[in-house]
Amino acid sequence: MSGFDSFSLALFTTLAPAGVVAFIVLALVRLTCRNHDEAVRVDRIIALPFAVTLIGFIASATHLGTPANALHVFSGVGTSPLSNEVLAAVIFLFLVGAYWMSAFKVNFPDCLARPWLTVACAAGLALIACTSLAYSARTVPTWDTPYTPANLILAACLAGPVLALPFLALARVRRRSIERALVVGAAAALVLGTASLAMQNVDLATIANNEVSALSLAPHYGLIIVAYAVLGALAVTAAGASLGRALAPRGVLALRIIATILALSGVFLVRTVFYALHMTVGF
């Protein structure tokens, strides 16, 4: 796997799951809106998690070689984890993009918005599930472990809630209970994710093929995990600090943007190492 492939796929598995989780947060807020103006603002901001997911999806397409190869991906739907992942991404992006464009109507009816958002959330969860299972290949023992889906899902649960916070600030929605839940959820995901990565690092000592051991593919994985934990902790701290009542709106937004950059950077680091661990059973 080339370095460019690794970069593009790491970008996809960093941005797309985080964008999906951030969208689900906004969708849940939108579903509970009782104020029309607030609902309209949330509908407008849904463009941002959509854009984050779309950027990741576009980046992932670069490893197909040529755009024509994308057509062959759909031929394996139902049998190929990669095909299932691509189909899930297309369905999610279509549902969210179409919703965002439709919601520009001044009087977009709630009776249509609610089921639409519910279906889009389900499609987002399917996308995360398909992405987490896309690397279950028996011929790649370093990827075919329980840690692969666990690490991706937990990373999404760290970066996604943090990413949702600046979007809520831009929509001028301050739900204290939701904001606290997002910070606590991100902190829990960080702890569990760091533990999962550490256990994976220990497990790598038991994996080898005829030429190399898994540990030799990522000799500094332990340091990367530490960097992930530190960046994640700083992100959660900045996100938590943004909940202060005395902060001006610009200060809140600035702290949340910093938190988002830190969280996504930490996730991107471990996703890059994941692709460096590619090792087949044979030579």
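Within every chain, residues take consecutive numbers counted from 1 along the sequence as written. Two thresholds apply to this predicted model, a pLDDT of at least 70 for residue-level local features and 80 or more for giving and counting side-chain atom pairs, whereas whole-chain, interface and lining totals are computed over all residues. Calculated side-chain values reflect all of the structure's heavy atoms, with hydrogen atoms and water omitted.

- The name an unreviewed UniProt entry gives the chain is DMSO reductase, with Adlercreutzia mucosicola as the organism.

### Some details on the overall build of the chain
Part 1 of the argument: In terms of helices and strands, the chain carries 11 helices and 0 strands.
Part 2 of the argument: Working definition: helices are DSSP H or I runs of at least four residues, strands are E runs of at least two. Numbering for both runs from the N terminus. Starting at the N terminus, the α and β elements of the chain follow one another as α-α-α-α-α-α-α-α-α-α-α.
Part 3 of the argument: Relative to the globule expectation of 19 Å for 283 residues, the C-alpha radius of gyration of the chain, 19 Å, shows essentially globular dimensions.
Part 4 of the argument: Across its three principal axes, the chain shows a C-alpha extent of roughly 65 × 45 × 25 Å.
Part 5 of the argument: Each residue's exposure class comes from its accessible area (1.4 Å probe, protein chains only) as a fraction of the maximum for that residue type: buried when under 20%, exposed when over 50%, partly exposed otherwise. Among the 283 residues that make up the chain, the fraction classed as buried is 47%.
Part 6 of the argument: A separation of at least 24 residues holds for 80% of the contacts in the chain among residues at least 6 apart in sequence. Put simply, the radius of gyration uses C-alpha atoms, and a globule should come to 2.2 Å times the residue count raised to 0.38. The criterion used for residue contact is that any of the two residues' heavy atoms lie within 4.5 Å.

### Some points on the environment of Ile-46
Part 1 of the argument: You can see Ile-46 is positioned in the loop between α2 (36-45) and α3 (47-61).
Part 2 of the argument: Taking the C-alpha atoms as reference, Ile-46 lies 24 Å from Ser-132; in sequence the two are 86 residues apart.
Part 3 of the argument: Here Ile-46 is in contact with Phe-23, Leu-26, Val-96, Tyr-99, Trp-100 and Leu-117, once residues within four sequence places are set aside.

### As for helix α8 (residues 176-203)
Part 1 of the argument: Helix span, expected: 1.5 Å multiplied by one less than the number of residues in the helix. Helix length check: α8, at 28 residues, gives a terminal C-alpha distance of 40 Å against a target of 40 Å (1.5 Å per residue), a fit within 8%.
Part 2 of the argument: Of the positions making up α8, those classed as buried are Glu-179, Leu-182, Val-183, Ala-186, Ala-189, Leu-190, Gly-193, Thr-194, Ser-196, Leu-197 and Gln-200.

### So, the UniProt feature "transmembrane region" (unreviewed entry) in the chain
Part 1 of the argument: UniProt positions are given in the numbering used here, feature names are shortened, and annotations may be inferred rather than shown by experiment. Here, UniProt's "transmembrane region" (unreviewed entry) annotation points to residues 6-33, 45-66, 86-104, 116-137, 149-169, 181-200, 220-241 and 253-277.
Part 2 of the argument: Between the end C-alpha atoms of residues 149-169 there is a gap of 31 Å, over a span that is 100% helix and 0% strand.

### Re the packing of helix α5 (residues 81-102) against helix α6 (residues 110-133)
Part 1 of the argument: Only the contacting stretch of a helix is used when fitting its axis, a line to C-alpha atoms as for every element, and angles between N-to-C directions run 0 to 180 degrees. Between α5 and α6, the shortest axis-to-axis distance is 8 Å and the interhelical angle comes to 155°. The angle between the axes of α5 and α6 places the two elements in the roughly antiparallel class. Read as a crossing pair, α5 and α6 show a hand that is left-handed. Counting all contacts with α5, which are made through Pro-81, Asn-84, Glu-85, Ala-88, Ala-89, Ile-91, Phe-92, Leu-95, Val-96, Ala-98, Tyr-99 and Ser-102, the residues of α6 involved are Ala-113, Trp-116, Leu-117, Val-119, Ala-120, Ala-123, Gly-124, Ala-126, Leu-127, Cys-130, Thr-131 and Leu-133.
Part 2 of the argument: Within the contact of α5 with α6, the residues separate by chemical class into 19 nonpolar, 4 polar and 1 charged. Between 65 and 115 degrees an angle is taken as roughly perpendicular, under 35 as roughly parallel, over 145 as roughly antiparallel, and anywhere else as oblique. For any helix crossing, the convention is left-handed if the near helix is rotated counterclockwise from the far helix by under a right angle, and right-handed if that rotation is clockwise. Under the scheme applied, nonpolar residues are Ala, Val, Leu, Ile, Met, Phe, Trp, Tyr, Cys and Pro; charged residues are Asp, Glu, Lys and Arg; polar residues are all the others, including Gly.

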